[in-house]
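Structure assessment
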Amino acid sequence: MQIIAGLGNPGSQYASQRHNIGFMAVDEIVRRHSSFSPWQKKFSAEISEGRIGTEKILLIKPQTFMNRSGQAVGEALRFYKLSERDLTVLYDELDLAPAKVRIKRGGGAGGHNGIRSLDAHCGNDYQRVRLGIGHPGQKDRVSGHVLGNFAKSDMIWLEPMLGAIADNIELLIAGDNAGFMNKIALATGDVAPGGKKKADKPDTKAQSHIHQARSAAKKPNAPTTGPMADMLKKLLGK
């Protein structure tokens, strides 16, 4: 059995915030996989049980608010006698561009209070799926950005990303992290099919202008009047 936790804050007023992208991801898994039960309350959380392939999965959305996420997830781990290595957590990441997804096991909290709480209650040797929401650029704007709602323009990448996470969750469960991330990149247009981007074509027009300028510099203008011009005419027979 594995536990997949999505992080966020409970309540409709927070539902569309960037900080709730973890909730959005596990909600999409339930929507797209008929094996999962309706959400029910347990472990100070909302949970849904189901199967992905042959693996039994417990999805969990802590209802303890972000800063105490570890309390709810820790209860579930202890109840099922699982270790943190059986846990995968999906959450928002400021230091990744929108639509970027990165996966790692262990590490620090990186200033994320939900992760800090999980480390305290569960240990830190769990798998972290970091979902990029982008950085506003200035430190004093971070709180408003994280707790702000996704804009309409964000839907162009957010909806494909959430769909790709749900559709390809079996790869993540099987440990194929590279394959999982590539599927998301393809769905969001992050890379071209095959994982390659087209090389930029050289600016031949600009190059020809440079070539012309250099050629002109190598050919000084001959005088047309005066003693030097008369001498050249005699020498050249003109």
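In what follows, the accompanying structure is described. Note that the structure is predicted; figures quoted are calculated from it, not measured.

Cut-offs applied
Residues numbered from 1 in each chain as written. Predicted model: local features only at pLDDT ≥ 70, side-chain atom pairs only at ≥ 80, totals over all residues. Heavy atoms only, no water. Helix = DSSP H or I, 4+ residues; strand = E, 2+ residues; numbered from the N terminus. Buried < 20%, exposed > 50% of the residue type's maximum accessible area, 1.4 Å probe, protein only. Contact = heavy atoms within 4.5 Å. Areas by Shrake-Rupley, 256 points an atom, 1.4 Å probe, with all protein chains shown as cover. Pairing = 2+ DSSP bridges. Arc of directions from axis to C-beta. Polar contact = N/O pair within 3.5 Å; in protein donor to acceptor, adjacent residues only side chain to side chain. Phe/Tyr/Trp six-rings, centres within 6.5 Å; stacked < 30°, edge-to-face > 60°. Lys NZ or Arg CZ within 6 Å of the ring centre and 35° of its normal. Salt bridge = Lys/Arg side-chain N within 4 Å of Asp/Glu carboxyl O. Core = buried A, V, L, I, M, F, W, Y, C linked by side-chain atoms within 4.5 Å. Axes fitted to C-alpha atoms, helices over the stretch in contact; angles between N-to-C directions.

Turning our attention to the overall build of the protein. Per the secondary structure count, the protein includes nine helices and seven strands. Across the 238 residues in the protein, those meeting the buried criterion constitute 43%. Long-range pairs, those at least 24 residues apart, make up 62% of the contacts in the protein between residues at least 6 apart in sequence. Of the roughly 13400 Å² that the protein leaves accessible, carbon and sulfur atoms contribute 52%.

Counting buried positions over the eight residues of strand β3 (residues 45-52) gives six, a clear majority of the element. Hairpin remark: strand β2 (residues 40-42) followed by β3, antiparallel, with two residues in the connecting loop; positive phi at F43, about 60°. Summarising the sheet, β3 and strand β4 (residues 55-62) pair through eight bridges and their orientation is antiparallel. Note on β4: the bridge partner recorded for I52 is E55.

Buried residues of helix α3 (residues 113-122): G114, I115, S117, L118 and C122, and no others. When α3 is viewed along its axis, its buried side chains cluster within an angular range of 155° and face the same direction. Contact partners of the buried residues in α3: α2 (69-79), β5 (87-93) and β7 (127-132).

Here we take up the side chain of N9. Along the chain, N9 falls in the loop between β1 (2-6) and α1 (21-32). A polar contact is formed between the side chain of N9 and the backbone nitrogen of M66, at a distance of 2.8 Å. Residues contacting N9, with those up to four places away along its chain left out, are Y14, H19, N20, F23, F65 and M66.

Turning our attention to the packing of aromatic side chains. Throughout the structure, instances matching the rule amount to five aromatic pairs. Linked through ring pairs, F43, F79 and Y80 together constitute an aromatic cluster. The positively charged end of K61 is found above the aromatic ring belonging to F23, 5.5 Å away from the centroid. A cation sits over an aromatic face here: R128 above Y126, 4.2 Å from the ring centre.

So, on to the pattern of salt bridges. Enumeration over the complete set of coordinates arrives at eleven salt bridges. Here R32 ties to E28 by a salt bridge, and the two come within 2.7 Å at their closest N and O atoms. Of this pair, R32 and E28 both sit in helix α1, four residues apart, which is roughly one turn of that helix. Overall, R32 belongs to the partly exposed group, its relative accessible area being 41%. When the shortest N-O distance is used, the salt bridge between K61 and E46 registers 3.4 Å. Of this pair, K61 sits in strand β4 while E46 sits in strand β3, and the two are 15 residues apart along the sequence. Here the two residues K61 and E46 agree in accessibility, since each one is buried.

Quick look at the nonpolar core now. If you look at the biggest cluster of nonpolar residues, it comprises 34 residues, and the most contacted ones within it are L131 and M161. Take this core: its biggest share by element is seven residues, from helix α5 (residues 155-167).

Below, the discussion takes up the sheet that holds β5. Sheet architecture is open: seven strands sit in the order β2-β3-β4-β1-β5-β7-β6, paired in mixed fashion. Of all the strands in the sheet, just β2 and β6 (101-105) have a single pairing partner and so form its edges. The average angle at which neighbouring strand axes cross in this sheet is 30°, direction not considered. Pairing of β5 with β7 involves six bridges; the strand directions are parallel. Within β7, the position partnered with L90 by the bridge is V129. Packed on one face of the sheet, α1 meets β1, β3, β4, β5 and β7 and runs near 140° to β4.

This paragraph deals with α2. Those residues of α2 not exposed but buried are S69, G70, A72, V73, G74, A76 and L77. In this structure, the buried residues of α2 make contact with β1, β3, β4, β5 and α3. Trailing α2 by a residue or two, K81 shows a phi angle of about 55°, which is positive.

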